[in-house]
Amino acid sequence: MPPDLTRTRVGIVGGGPAGLMLSHLLARAGIDSVVVELRTREEVEHTHRAGILEQDSVRLLDETGVSDRVLRDGYRHEGIDLAFGGAGHRIDFEALVGASVQLYPQTDVFIDLADARDRDGGDVRYDVNEVGVVDVTSDQPGVLFTDSAGERQEVRCDYLVGADGSRSICRDSFPESQRRQFFREYPFAWFGILCEAPPSAPELIYNHSERGFALISQRTETLQRMYFQCDPHEDVDDWSDDRIWEELQTRVGANGYTLQEGPITSRTVLPFRSFVQEPMRHGNLLLAGDAAHTVPPTGAKGLNLALADVRVLAEELERAISKKDGSLLDSYTERALDRVWKAQHFSYWMTTMLHRPAEASPFDLRRQVGELSSVVSSTAGSTYLAEAYTGWPDRD
Ligand code: DHB
């Protein structure tokens, strides 16, 4: 049996926030697309990720009609605390750069976009498997897959987008001679928890300590998200609630904070690394989001970068399709990578400045405190942090 054939302008592999936002932006420009996603909608909704939106990410949701909940249920944060050397130091984003961020979890961004695609009659196929991309350098690239009912399907399109996350199959279809990959591994991971407790502070705390980094984030008035640096091979089953609270309290206590405790409802170890693939285009296949680049979580740049990619990509696809000229997509890689490498540097910098290095010497820890102190005591230093954290304005 030949597969069922669907034709569309843009085929999108990956139905996370990047793929759905792209499909949403294209639909608003009158361009149809088909999105295929390996996971069920429920599985994506339950993948906990970061919770900070840059101001341009909020603006993108707002300007395209998906901001009802982010503005109503999200929390505007005008700064963060950097905690080190025995005290907390506030970085005041509003005062330094006139910008803020929104605390709103990635899972909710996904729900809002999935609802918008549903409402607008978007073609999103969840729960598919055996996905493969073909003929990516031809003018009719395709994606083949088995749908949730077990039927073989084929989608043919003018352009194919790989928004299929850090384990992308799309990026592997770039011939090795036509791509470069850049990696950096880190000798630690984050132990992430959700707990039922009131917030411990009005804003997020990025906490340096001799025992390692801790991040005190939030979700709602009654649910909190926290992380602490751990070994990548840490087993969550070795950590009782009491042991987790003791570790967190010791780390933040070194800088004068006390946490509000409560039952821990979720615990996961998040390994992390830096990765970039260049270029982000091969023939008529384009990569967006984690498929092209991964950042360590410190600073919450992953989702924001993915949204920035697809905003640029939607604009370029719209031009290429309306002018029937694929060469107009040539500038995508360069435009996207400018922000990607700035974010790679920022995430790397925040990570290495705040985490306890492997086999840290007393010198290493004192030097980090010197670095943190030069950031908070200097307008130039804290302005760089504020600018990067709230997001660089678009160059174009
Ligand atoms: C969150 C995660 C981050 O990596 C970060 O830098 C800030 C907040 C979060 O999950 O809330």
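(A) Main features of the environment of Arg251. If you trace the backbone, Arg251 turns up in helix H7 (residues 241–253). Put simply, Arg251 and Gln229 are 22 residues apart on the chain and 10 Å apart in space, counted from C-alpha to C-alpha. Excluding anything up to four places from it in sequence, Arg251 contacts Asn207, Ser209, Arg211, Gly212, Phe213, Ala214, Phe228 and Gln229.

(B) Region of interest: the sheet that holds strand S5 (residues 75–77). The three strands are arranged S4-S8-S5 in an open sheet whose pairing can be described as antiparallel. Edge positions in the open sheet fall to strand S4 (52–53) and S5, since each of these has one partner strand only. Sheet analysis places S5 next to strand S8 (residues 101–103), joined by three bridges and oriented antiparallel. Along S8, the bridge assignment pairs Tyr75 with Leu103.

(C) Quick peek at the sheet that holds strand S12 (residues 152–156). As summarised here, the arrangement of the four strands in space is S1-S12-S11-S10, forming an open sheet in which the pairing is mixed. For this open sheet the edge positions go to strand S1 (4–7) and strand S10 (129–134), each flanked by a neighbour on one side alone. Neighbour-to-neighbour, the strand axes of the sheet open up by a mean angle of 20 degrees, direction not taken into account.

(D) Highlighting the site of the ligand. Taken together, 16 residues sit near the ligand, with Tyr206, Ser217, Arg219, Tyr227 and Pro297 positioned nearest. Between the ligand and the protein, one listed contact pairs an oxygen atom with a side-chain N or O atom of Ser217 at 2.6 Å. Here an oxygen atom of the ligand sits 2.9 Å away from a polar atom, N or O, in the main chain of Gly299. Look at the ligand: alone it shows 290 Å² of surface, and the protein chains cover 100% of it.

(E) Here's a closer look at the packing of aromatic side chains. With the rule as written, the count across this model stands at 18 aromatic pairs. Judged by centre distance (6.2 Å) and plane angle (45 degrees), the ring pair of Phe346 and Trp349 falls under tilted. In this pair, Phe346 and Trp349 both sit in helix H9 (residues 332–354), three residues apart, roughly one turn of the helix. A relative accessible area of 0% means that Phe346 is categorised as buried. Residue class for Trp349 comes out buried when judged on its relative accessible area of 13%.

(F) Up close: the packing of H9 against helix H10 (residues 362–376). Two elements in contact, H9 and H10, have axes whose closest approach is 9 Å; the angle formed by their N-to-C orientations is 125 degrees. It follows that H9 is oblique to H10 by the angle criterion. Two secondary-structure elements touch here, H9 through Trp349, Thr352, Met353 and Leu354 and H10 through Gln368, Glu371, Leu372 and Val375. Grouping the constituent residues of the contact of H9 with H10 by class yields five nonpolar, two polar and one charged.

(G) Examining the nonpolar core more closely. In this structure, Leu82, Tyr206, Leu317, Leu385 and Tyr389 are the most contacted members of the largest nonpolar core, which totals 98 residues. Looking at which element gives the most residues to this core, the answer is helix H8 (residues 302–322), with eleven residues. Contact partners of Tyr206, with chain neighbours within four places excluded, come to Ile80, Asp81, Leu82, Ala83, Phe213, Ala214, Leu215, Thr298, Gly299, Met350, Leu354 and Tyr389. Trp239, Leu248, Leu259 and Ile264 belong to the second largest nonpolar core, which has 21 residues in total.

(H) Up close: the pattern of salt bridges. In the structure shown here, the tally under the stated rule is 30 salt bridges. A salt bridge links Arg335 to Glu315, with the nearest nitrogen and oxygen atoms 3.1 Å apart. A residue pair is termed long-range when its members are at least 10 positions apart, and Arg335 in helix H9 and Glu315 in helix H8 qualify at 20 residues. Residue Glu315 is classed as partly exposed on the basis of its relative accessible area, which comes to 36%. Shared partners join several salt bridges into a network, and the residues in it are Arg311, Glu315, Glu316, Arg319 and Arg335.

(I) Focus on the layout of surface pockets. Estimated volume of the second largest pocket: approximately 230 Å³. If you list the elements that add at least two residues to the lining of the second largest pocket, you get helix H4 (68–73), helix H6 (106–119) and strand S17 (223–230). Considered class by class, the residues forming the lining of the second largest pocket number six nonpolar, four polar and six charged. In terms of domain composition, the lining of the second largest pocket takes at least three residues from each of domain 1 (4–74 + 102–182 + 274–350) and domain 2 (186–272 + 354–390).

(J) Expanded view of the domain arrangement of the chain. If you check the domain split of the chain, you get domain 1 (4–74 + 102–182 + 274–350) and domain 2 (186–272 + 354–390). The interface of domain 1 with domain 2 comprises 20 residues on the first partner and 22 residues on the second. Contact with domain 2 buries area across many residues of domain 1, yet Leu103, Trp349 and Met350 alone supply 31% of it, more than any other trio. The interface formed by domain 1 and domain 2 contains zero salt bridges. Summed over the shared surface of domain 1 and domain 2, the number is seven residue pairs in polar contact (both at pLDDT 80 or more).

(K) Geometry of empty space enclosed by the protein. With the rule as written, the count across this model stands at two cavities of 30 Å³ or more. Within this model, the second largest cavity holds a volume of roughly 80 Å³. For the lining of the second largest cavity, the secondary structure elements donating two or more residues are helix H3 (55–63) and H8. No other element matches H8, which puts four residues into the lining of the second largest cavity. Of the residues in the lining of the second largest cavity, the class split is three nonpolar, two polar and four charged.

Here is what the cut-offs are and how they apply
Residue indices follow the written sequence of each chain, beginning from 1 at its first position. Residues qualify for local features only when their pLDDT is at least 70, as the model is predicted, and side-chain atom pairs are given and counted only at 80 or more; totals for whole chains, interfaces and linings, by contrast, use all residues. For the side-chain quantities, the full set of heavy atoms in the structure was used; hydrogens and water were omitted. Secondary structure counts use DSSP, requiring at least four H or I residues in a row for a helix and at least two E residues in a row for a strand, with both numbered from the N terminus. Here, two residues are considered to be in contact whenever any of their heavy atoms come within 4.5 Å of each other. Strand pairing is defined by DSSP finding a minimum of two bridges between the two strands. Axis definition: a line fitted to C-alpha atoms, over the contacting stretch in the case of helices. Angles run 0 to 180 degrees between N-to-C directions. Summary of the distance rule: residues count as near a molecule or strand when at least one heavy atom falls within 4 Å of that molecule or strand. In the analysis that follows, any N or O atom pair within 3.5 Å is treated as a polar contact, provided that within protein one partner can donate a hydrogen and the other can accept it, and provided that, for residues neighboring in sequence, both atoms belong to side chains. All accessible-area figures derive from a Shrake-Rupley calculation using a 1.4 Å probe, and residue coverage is judged against the displayed protein chains alone. Aromatic rings from Phe, Tyr and Trp, taking only the six-membered ring of Trp, are treated as a pair when their centres fall within 6.5 Å; an angle between ring planes under 30 degrees marks them as stacked, one over 60 as edge-to-face, and anything in between as tilted. Each residue is assigned to one of three classes by its accessible area relative to the maximum for its type, calculated with a 1.4 Å probe on protein chains only: buried under 20%, partly exposed between the two thresholds, exposed over 50%. Note on terminology: angles under 35 degrees are roughly parallel, angles over 145 are roughly antiparallel, angles of 65 to 115 are roughly perpendicular, and the others are oblique. When residue character is reported, Ala, Val, Leu, Ile, Met, Phe, Trp, Tyr, Cys and Pro are called nonpolar, Asp, Glu, Lys and Arg charged, and the others, Gly included, polar. Side-chain atoms within 4.5 Å are what join buried Ala, Val, Leu, Ile, Met, Phe, Trp, Tyr and Cys residues into a set we call a nonpolar core. Salt-bridge detection follows one rule: a side-chain nitrogen of Lys or Arg within 4 Å of a carboxyl oxygen of Asp or Glu. Here the term cavity refers to a set of points on a 1 Å grid, laid over the protein atoms alone, in which a 1.4 Å probe fits but cannot get out; the term pocket refers to an open set having protein on both sides within 12 Å along at least five of seven lines, with lining residues being those that place an atom within 4 Å of a point. Grid points are joined across faces, edges and corners, and a volume is the space filled by probe spheres set on the points. All the domain ranges listed were derived from an automatic or database domain assignment. Here the quantity called buried area is the total loss of accessible area, with a 1.4 Å probe, experienced by two parts when brought into contact, counted for both.

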